2 protein chains.
Amino acid sequence: MKEALALAREALSLGEVPVGCVIVRDGEIIGKGRNLRESGKNALLHAEIAAIDEACRNTGGWRLGDCSIYVTLEPCPMCAGAILNARIPKIYFGARDRRLGACGGVLNLFEENFRFKPAIVGGILGEECASLLGGFFDLIREKKIDYATLWE
Amino acid sequence: MKEALALAREALSLGEVPVGCVIVRDGEIIGKGRNLRESGKNALLHAEIAAIDEACRNTGGWRLGDCSIYVTLEPCPMCAGAILNARIPKIYFGARDRRLGACGGVLNLFEENFRFKPAIVGGILGEECASLLGGFFDLIREKKIDYATLWE
């Protein structure tokens, strides 16, 4: 999760919502991502999607059944759905997302009637992850970062 | 939807589950996708993701708020989540997906407590879309196509 936090700080340095993600297999990081939605001008560029994309490229297949995913913010429906599609069996996340979270924050996708149900552990370095996000939104409120509101 | 069906047939010709998708703005197609998960060896390569990616590139932004999406199969959670993230307000789909559908087939993501709720119309050329998928799975059962089962 410390590696994911470092990636979140990279996103922050680009003026992005600070979220970072790594995918780990046998103790080795095989995929990294940071949120780049604004600078990349693309709705798909969440940290988890970038990390899954890299992990699939590195492993040469779409199944990541022997991997774990670490992400600083609870995955949204798109990213939780990508985890489902890639069959990643373990999700570790930091801060809870009450606005978009699909691992219990708004809904729990994995309590629905899908055949695949990963294990979920939230709150890993949760305060540090939440504090990084909170600091970012404080800067927006203080207008020290020029950023379109998420729901405009 | 006829354009989306043509893209689904392209996927079929590559031995993929035949799903196709287009994104339309002002009567013009600005994004196209076909399912390429197997040949692309990547869990993210659903038709909708490819179409949203192309549409974001073509428009130079992550918001597709003035677009509609047409897809031959009901979107899965990842793709429904991507539609949510891209703020696409209208979803037209063909065949129902009782295994992975996130627009009513397994769950309806848009009945959850998210601020954005697109309109959904299912069953557009539904028989033709379902028949194309059914024919593909018949070929697998008859072992005329070598294809890993979806849930192995």
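Residues numbered from 1 in each chain as written. Chains lettered and ligands numbered in written order. Predicted model: local features only at pLDDT ≥ 70, side-chain atom pairs only at ≥ 80, totals over all residues. Heavy atoms only, no water.

Caption draft 1: Representation of the interface of chain A and chain B within the structure. Each partner contributes to the interface: chain A provides 39 residues, whereas chain B provides 39 residues. Note on chain A versus chain B: buried area summed over both sides is about 3400 Å², and carbon and sulfur give 64% of it. In this assembly, chain A and chain B are joined by zero salt bridges. The interface formed by chain A and chain B holds four residue pairs in polar contact (both at pLDDT 80 or more) in total. Listed by contribution, the elements that provide at least two residues to the side of chain A that touches chain B are helix 2 (37-40), helix 3 (47-59) and helix 4 (77-86) of chain A. It is helix 4 of chain A that contributes the most residues to the side of chain A that touches chain B, seven residues altogether. (Contact = heavy atoms within 4.5 Å. Buried area = accessible area lost by both parts, 1.4 Å probe. Salt bridge = Lys/Arg side-chain N within 4 Å of Asp/Glu carboxyl O. Polar contact = N/O pair within 3.5 Å; in protein donor to acceptor, adjacent residues only side chain to side chain. Helix = DSSP H or I, 4+ residues; strand = E, 2+ residues; numbered from the N terminus.)

Caption draft 2: Summary view of the nonpolar core. Within the largest apolar cluster, 100 residues are counted, with the highest numbers of intra-cluster contacts made by I23, I52 and L64 of chain A together with I23, I52 and L64 of chain B. Per-element tally for this core: the top contributor is helix 4 of chain A, with seven residues. The residues touching L64 of chain A, leaving out its near neighbours within four places in the chain, are I23, I52, A55, C56, T59, A86, R87, I88 and P89 of chain A. (Core = buried A, V, L, I, M, F, W, Y, C linked by side-chain atoms within 4.5 Å. Buried < 20%, exposed > 50% of the residue type's maximum accessible area, 1.4 Å probe, protein only.)

Caption draft 3: Structural view of the pattern of salt bridges. Residues and elements named next belong to chain A. Applying the stated criterion across every chain, the model contains 14 salt bridges over all chains. With its nearest N and O atoms 3.1 Å apart, the salt bridge here joins R9 to E128. Linking R9 in helix 1 (residues 2-13) with E128 in helix 5 (residues 126-141), this pair joins segments that are 119 residues apart in sequence. Residue classification places E128 among the partly exposed positions, given a relative accessible area of 37%.

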